[in-house]
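Examination of the molecular architecture
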Amino acid sequence: MGNKAVKQHFETAQKTGVLKISQQRLQEFPPHLRAFPNVLRTLDLSENRFVTIPDKIADFTLLKHLNLNDNRLVELPEALGLLVKLETINAINNLIVKLPKQLANLVNLKQVHLSNNQIAEFPTMFCGLKHLDILELSRNKITSIPSDVKDLQVTELNVNQNQISVIAEELADCPKLKIFRAEENCLPITGIHSRILKESKISNIYLDGNMFQSKQFVDLDGYEEYMERYTAVKKKMF
């Protein structure tokens, strides 16, 4: 990105609150961004070569949308937890191993997209965030869904293509969960607790590509109750 183009991007951003500097092979915050006024509501740093995001990002306290897709990030900074107005975090296609617990402070989060990273533990810091609607964790290295999941407020949870072999029965207690995607994991048929089928609000469960046949799923205790919810939702759609 030439100096003239950089200047134009930043001048426009001061007026609109939207700054997109993707596909620029950036490895660190450009000097213009370090000195930028606190007006940004959307920051797009996707398709660069960032390995880390500096704590300086905490200066942008008005930020609502952050796009870090397609970089080389190993972690997200703890300072991100100071951006309490954030509504969306996109960090797909990185190398993220773990997430800071400070993300639990982001009370306005609505969507988090973290597919295709190296996350090994289910990110329980998102449990309890009342406005979080979608949590997307596909293509990571998560091995289990812990009991803390009971406080997760999302309507859709995607953990496709992980290494999950255990799902806590407390998934049934998620107050808003409607869509649960756990395809291509390591789940045995015994890993699906009857409470999830009988007592949850989940109306769409996707489990293809696990360690059991579809007929075994149909034979589970609670399958009929699950199908009643599934059918009721389908009827509303037509």
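Here is a short report on the structure shown in this document.

Counting residues in each nonpolar core, the largest one holds 68 residues, and the members touching the most others are Leu33, Phe122, Phe126, Leu152, Leu157, Leu171 and Phe180. Of all the secondary structure elements, the ones that give two or more residues to this core are helix H1 (3-16), helix H3 (194-198) and helix H5 (223-237). Those residues in contact with Leu152 that sit more than four places away from it in its chain are Phe122, Phe126, Cys127, Gly128, Leu135, Leu157, Cys174 and Pro175.

Overall, the coordinates contain six aromatic pairs when judged by the stated rule. Ring centres of Phe217 and Tyr223 lie 5.5 Å apart, and the angle between their planes is 80 degrees; this geometry places the pair in the edge-to-face category. Tyr223 carries the same exposure label as Phe217, and that label is buried. An aromatic cluster is defined as three or more aromatic residues linked by ring pairs; in this entry it consists of Phe217, Tyr223, Tyr226 and Tyr230. Just above the ring of Tyr206 sits the side chain of Arg181; from NZ or CZ to the centre is 4.6 Å.

So, about unusual backbone geometry. One non-glycine residue, Glu47, lies in the positive phi region at around 55 degrees. For Glu47, the position within the fold is in the loop between strand S2 (42-44) and strand S3 (65-67). With phi around 60 degrees, Asn116 is a residue other than glycine that occupies positive phi space. Looking at where Asn116 falls in the secondary structure, it is placed in the loop between strand S5 (111-113) and strand S6 (134-136).

Moving on, we come to the side chain of Ser22. Note that Ser22 resides in the loop between strand S1 (18-20) and helix H2 (31-34). Overall, the relative accessible area of 9% leaves Ser22 in the buried class. Once residues within four sequence positions are removed from consideration, Ser22 is found in contact with Asp44, Ser46, Glu47 and Asn48.

Strand pairing in a sheet relies on backbone hydrogen bonds, with the paired strands running either antiparallel or parallel. Here nine strands make up an open sheet; going across it, the order is S1-S2-S3-S4-S5-S6-S8-S10-S11 and the pairing parallel. At either end of the open sheet lies a strand with only one pairing partner, and these are S1 and strand S11 (204-206). Neighbouring strand axes in the sheet, compared pairwise and without regard to direction, differ in orientation by 5 degrees on average. Where S2 and S3 come together, three bridges link them in parallel fashion. Opposite Asp44, over in S3, you have Asn67 as the bridge partner.

Bringing a nonpolar patch on the surface into the picture now. A surface patch of nonpolar side chains, amounting to about 310 Å² of accessible area, comprises Val51, Val74, Leu95 and Val97. When you line up the elements, Leu95 lands in the loop between strand S4 (88-90) and S5. Accessibility expressed as a relative area gives 42% for Leu95, which makes it partly exposed.

Attention shifts here to the environment of Ile205. Mapped onto the elements, Ile205 comes out in strand S11. The exposure class of Ile205 is buried, given its relative accessible area of 12%. Once you skip the residues sitting within four places of it in the chain, Ile205 turns out to touch Phe180, Leu197 and Tyr226.

Reading guide: rules and limits
- Residues numbered from 1 in each chain as written.
- Predicted model: local features only at pLDDT ≥ 70, side-chain atom pairs only at ≥ 80, totals over all residues.
- Heavy atoms only, no water.
- Core = buried A, V, L, I, M, F, W, Y, C linked by side-chain atoms within 4.5 Å.
- Buried < 20%, exposed > 50% of the residue type's maximum accessible area, 1.4 Å probe, protein only.
- Helix = DSSP H or I, 4+ residues; strand = E, 2+ residues; numbered from the N terminus.
- Contact = heavy atoms within 4.5 Å.
- Phe/Tyr/Trp six-rings, centres within 6.5 Å; stacked < 30°, edge-to-face > 60°.
- Lys NZ or Arg CZ within 6 Å of the ring centre and 35° of its normal.
- Pairing = 2+ DSSP bridges.
- Axes fitted to C-alpha atoms, helices over the stretch in contact; angles between N-to-C directions.
- Patch = residues over 30% accessible without salt bridge, like charges linked within 9 Å, V, L, I, M, F, W, Y side chains within 5 Å.
- Areas by Shrake-Rupley, 256 points an atom, 1.4 Å probe, with all protein chains shown as cover.
- Salt bridge = Lys/Arg side-chain N within 4 Å of Asp/Glu carboxyl O.

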